[in-house]
Every structure is written in C-alpha cells, then in structure tokens.
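Here is how the chains run, residue by residue.
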Amino acid sequence: MFLRREAVPFTFVAEADRFRSNVTPPPRERPSVSELTGRTLIGLTVVAGLVGSLLFGLPALGSGQMPAHSQQSEASEGR
C-alpha cells in the first residue's frame, strides 16, 4: 500500500511574522522616592563593604618582612 504525502502549507508561518498586536503594554510605574532611596542605600552599602574589605585586606596581601622570631609548637622543640 502506497501512501501519498500531502504538502503542508506553511503560510501560517509567514503570517505569524507579519502579525502585530494592537494591544500596548501598560506603562512602567516610576519608582517612588523611598524605593530610590532604598536602592541607593543598598548600593552604597555594597560598595562600602567592597572598599572596606579591600582596605583591610591589602596589608595582609602585602609582602612585608618576616617577623624576627617564628612561632614553633611545643612538639617541634626537643624534649
């Protein structure tokens, strides 16, 4: 038995490209003053935390001189 395949019309794909909706989305609400203040404070807190960690971390990253005496555990001392 031999089945003949029919061509599938793809006009709906071409029509979908041309379709434009006449419904416009609602305008975005402007953030209130308190929201803007909150966002600014959060941003400043994050930046201050990064700057503070950098300032406190730089001395630890610096290649300073080794201390004159080194700490040794009691196990390393000869008994």
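Residues numbered from 1 in each chain as written. Predicted model: local features only at pLDDT ≥ 70, side-chain atom pairs only at ≥ 80, totals over all residues. Heavy atoms only, no water.

Caption draft 1: Layout of the overall build of the chain. Summing up its helical and strand segments, the chain has 2 helices and 0 strands in all. Residues classed as buried in the chain amount to 0% of the 79 residues present. When the accessible surface of the chain is totalled, it reaches about 8,800 Å², and 62% of it is carbon and sulfur. (Helix = DSSP H or I, 4+ residues; strand = E, 2+ residues; numbered from the N terminus. Buried < 20%, exposed > 50% of the residue type's maximum accessible area, 1.4 Å probe, protein only. Areas by Shrake-Rupley, 256 points an atom, 1.4 Å probe, with all protein chains shown as cover.)

Caption draft 2: Focus on the environment of Thr 40. Its place among the elements puts Thr 40 in helix α2 (residues 33–61). From its side chain, Thr 40 meets the backbone oxygen of Leu 36 in a polar contact 2.7 Å long. (Polar contact = N/O pair within 3.5 Å; in protein donor to acceptor, adjacent residues only side chain to side chain.)

Caption draft 3: Structural context of a nonpolar patch on the surface. Where nonpolar side chains cluster on the molecular surface, the patch consists of Ile 42, Val 46 and Leu 50 and spans about 320 Å² of accessible area. Along the chain, Leu 50 turns up in helix α2. (Patch = residues over 30% accessible without salt bridge, like charges linked within 9 Å, V, L, I, M, F, W, Y side chains within 5 Å. Salt bridge = Lys/Arg side-chain N within 4 Å of Asp/Glu carboxyl O.)

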